[in-house]
Amino acid sequence: MKVAIYGQYYQNTTSPIVERLFHFLEINKVDFTIEANFLQMLQDNKAITIDLPTFSSYKDLDESYDMLLSVGGDGTFLRAATYVRDSGIPILGINAGRLGFLANVQQENIEKFLKLVINKEYKISERTLLSVTCSPEIESLKELNFAMNEITVSRKDTTSMITIETYLNDEYLTSYWADGLIISTPTGSTGYSLSCGGPILTPDATSLVITPIAPHNLNARPIVIPDTTVLKLKVTGREENYLVSLDSRITSVKNESILTLQKTPFKIKMVEITDETFLKTLRKKLLFGEDRRN
């Protein structure tokens, strides 16, 4: 078995997790490669004192890899997806952050769950992604133009609202007067969209959610649409530019540009351990349906 290891930050919890992870991989004779910047971070913090094989780009991850292990929180997991892309390499998240909705393997369960992985006792949950293109074209959206959670348009350098003219399959839906608009995948429905009043979708739902951010229209509500829908957005506002975010990556776009959003032709494969399913995580970490009568 061969795995890649990715981490984005170094925290107090990182060192013991990495120590347990490396020890397990070594005694079970698992080949592993670590992302170059993450290794440097670990060496700088004296968590590792030796050199290890590294990768630094999605181009370095080929079909020889069985899995990518993401060490961190949900943000790290989303960033790990940019290394996997359309390679089909499954991602398992080991939580070194706070909530850990995507990165749901807790430190105390590392050995137990990785043993299940080695024995291939796990499921694959395929997650839909969204892509965006811009007309006129901008450099920052040429190569890395997809998101696993959501694509958001929002105001920039102003307290004034923006107007988001929205079309579904070239049919006009409405113009949102708001601070912004979130287009969420089922995976992202438990994130930013949820905090703005959007519904929760199960990961296997074939839908997307459009959720306005602080809308000035009292009748503007989140709407669920088929994931086969092609969306077009035209944003206007008092400033010359507005922001487009793809998960945690942000770029600036000029007013009147046309954004086209649609489902990507590939999905991200997320490793799901039987003891940590989506519904169990929903109840445990978001306290879904919490009621003393239950």
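A brief structural summary. (Residues numbered from 1 in each chain as written. Predicted model: local features only at pLDDT ≥ 70, side-chain atom pairs only at ≥ 80, totals over all residues. Heavy atoms only, no water.)

### Focus on the overall build of the protein chain
When you go through the protein chain residue by residue, the secondary structure sums to six helices and 19 strands. For 294 residues, the compact-globule formula gives about 19 Å, and the C-alpha radius of gyration of the protein chain, at 20 Å, lands near that figure. When the backbone C-alpha atoms are referred to their principal axes, the protein chain occupies close to 60 × 50 × 35 Å. For the protein chain, restricting intrachain contacts to residue pairs at least 6 apart in sequence, the fraction spanning at least 24 positions comes to 66%. Taken as a whole, the protein chain presents about 14400 Å² of accessible surface, with 48% of it coming from carbon and sulfur. Distance from the positive charge centre (31 side chains) to the negative charge centre (36 side chains) of the protein chain: 4 Å. (Helix = DSSP H or I, 4+ residues; strand = E, 2+ residues; numbered from the N terminus. Rg over C-alpha atoms; globule rule 2.2 N^0.38 Å. Contact = heavy atoms within 4.5 Å. Areas by Shrake-Rupley, 256 points an atom, 1.4 Å probe, with all protein chains shown as cover. Lys, Arg positive; Asp, Glu negative; His and termini not counted. Charge placed at Lys NZ, Arg CZ, Asp CG, Glu CD.)

### Some words on the nonpolar core
Grouped together as the largest cluster of nonpolar side chains are 30 residues, with contacts concentrated most on Ile 5, Leu 21, Phe 22, Leu 25, Ile 34, Leu 69 and Leu 92. Where this core is concerned, the elements lending two or more residues are β1 (2-7), α1 (14-27), β2 (31-35), α2 (36-44), β4 (67-72), β5 (91-95) and α4 (110-118). When residues of this core are assigned to their parent elements, the largest contribution, six residues, is made by α1. If near-sequence neighbours (up to four positions away) are discounted, Leu 25 is found in contact with Val 3, Ile 5, Val 30 and Phe 32. (Core = buried A, V, L, I, M, F, W, Y, C linked by side-chain atoms within 4.5 Å. Buried < 20%, exposed > 50% of the residue type's maximum accessible area, 1.4 Å probe, protein only.)

### As for the sheet that holds strand β9 (residues 150-154)
What holds strands together in a sheet is hydrogen bonding between their backbones, with the strands either parallel or antiparallel. The sheet built from six strands is open, its strands ordered β14-β13-β12-β9-β16-β17 with antiparallel pairing. Each end of this open sheet is capped by a strand with a single partner; those strands are β14 (223-226) and β17 (249-254). When the angles between neighbouring strand axes are averaged without regard to direction, this sheet yields 20°. As judged from the four bridges shared by β9 and strand β16 (residues 241-246), these two strands associate in the antiparallel manner. Among the inter-strand pairings, Val 153 is bridged to a residue of β16, identified as Val 244. (Pairing = 2+ DSSP bridges. Axes fitted to C-alpha atoms, helices over the stretch in contact; angles between N-to-C directions.)

### Brief notes about the pairing of strand β13 (residues 207-213)
In terms of burial, β13 is largely enclosed, as seven of its seven residues are buried. Neither face of β13 is left uncovered, since the one carrying Ser 207, Val 209, Thr 211 and Ile 213 and the one carrying Leu 208, Ile 210 and Pro 212 both have all their residues buried. One ladder, built from four bridges, connects β13 with β14; its direction is antiparallel. Along β14, the bridge assignment pairs Val 209 with Val 224.

### Describing the side chain of Gln 8
For Gln 8, the position within the fold is in the loop between β1 and α1. In this structure the side chain of Gln 8 is engaged in a polar contact, spanning 3.4 Å, whose partner is the side chain of Tyr 9. The contact partners of Gln 8, leaving out residues within four places of it in the chain, are Phe 38, Met 41, Val 71, Gly 75, Thr 76 and Arg 79. (Polar contact = N/O pair within 3.5 Å; in protein donor to acceptor, adjacent residues only side chain to side chain.)

### Thoughts on the pattern of salt bridges
Inspection of the entire model under this criterion finds nine salt bridges. Here Lys 142 makes a salt bridge to Glu 139, at a shortest N to O gap of 3.2 Å. For Lys 142, a relative accessible area of 45% gives the class partly exposed. Residue Arg 293 pairs with Asp 291 through a salt bridge whose shortest N-O separation is 2.7 Å. Look at Arg 293 and you get exposed, because its relative accessible area is 73%. Among the residues examined, Asp 291 registers a relative accessible area of 26% and is labelled partly exposed. Several salt bridges share partner residues, and in doing so they unite Glu 137, Glu 139 and Lys 142 into one network. (Salt bridge = Lys/Arg side-chain N within 4 Å of Asp/Glu carboxyl O.)

Everything listed is a geometric property; what it means functionally is a separate question.
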